Amino acid sequence: MTSSQALTEAQALKKLQHYCAYSERCHQDVVNKLFELGVWKKEHDAIIAALIEENYLNEERFAKAFAGGHFRQKKWGRNKIKTTLQQKQVSPYCIKAGMKEIDEEAYEQTMTELLQQKWNSLKGERNRFVKMKKTSVFLIQRGYEPELFHPLLHTIQ
């Protein structure tokens, strides 16, 4: 965007209101969008403050929606959700609040289902230890805690 096309603060605020109304956003997403729109850095704080004031931007609400959604839709584990939220520079308090959206019983059930699906997909693999390793790597990549699924791995047939 050239300087002759630069948005006014009011225009940028309007665009970001739509951006935040469409989907929950974290502060980092909004800052990235401001740079993308070519808004001067000195105007960022005022725009972000206005979005927070008008309740378009709420990091705790974002963390809850993100954690709950990524667990239910993508079947991500806690470690992957937490790491992604940290990369988005969400505060530890909001991350903690977001993690409470994950029901413990549903979490364990989902992890068990994923473990079973992965194990069954490796039916051509004869070596039990190779199957265990591949299943472990899969679950770790998904963000599940080894201390939760290792006991299950030793009982699976």
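These lines cover the structure that appears in this document, whether it is placed above or below. Here the structure is a predicted model, which is why all the values come from computation and not from measurement.

1. Some remarks on the overall build of the chain
Right, on to step 1. Helix and strand content of the chain: 9 helices and 0 strands.
Right, on to step 2. Going residue by residue from the N terminus, the α and β elements of the chain occur as α-α-α-α-α-α-α-α-α.
Right, on to step 3. The C-alpha radius of gyration of the chain comes to 21 Å, more than 25% above the 15 Å expected for a compact globule of 157 residues.
Right, on to step 4. Principal-axis analysis of the C-alpha atoms places the extent of the chain at approximately 65 × 30 × 20 Å.

2. Thoughts on the environment of K41
Right, on to step 1. The topology assignment puts K41 in helix α3 (residues 41-53).
Right, on to step 2. Taking the C-alpha atoms as reference points, K41 and V31, 10 residues apart in sequence, are found 9.0 Å from one another.

3. Thoughts on helix α4 (residues 59-74)
Right, on to step 1. Under the 1.5 Å per step criterion, the end-to-end length of α4 is 21 Å for 16 residues, consistent within 8% with the ideal 22 Å.
Right, on to step 2. E59, F62, A63, F66, A67, G68, G69, H70 and F71 are the residues of α4 that are buried.
Right, on to step 3. Structurally, the start of α4 carries an N-cap: the backbone nitrogen of E60 is 3.1 Å from a side-chain oxygen of N58.

What counts, and where the lines are drawn
Residues numbered from 1 in each chain as written. Predicted model: local features only at pLDDT ≥ 70, side-chain atom pairs only at ≥ 80, totals over all residues. Heavy atoms only, no water. Helix = DSSP H or I, 4+ residues; strand = E, 2+ residues; numbered from the N terminus. Rg over C-alpha atoms; globule rule 2.2 N^0.38 Å. Expected span 1.5 Å × (residues − 1). Buried < 20%, exposed > 50% of the residue type's maximum accessible area, 1.4 Å probe, protein only. Polar contact = N/O pair within 3.5 Å; in protein donor to acceptor, adjacent residues only side chain to side chain.

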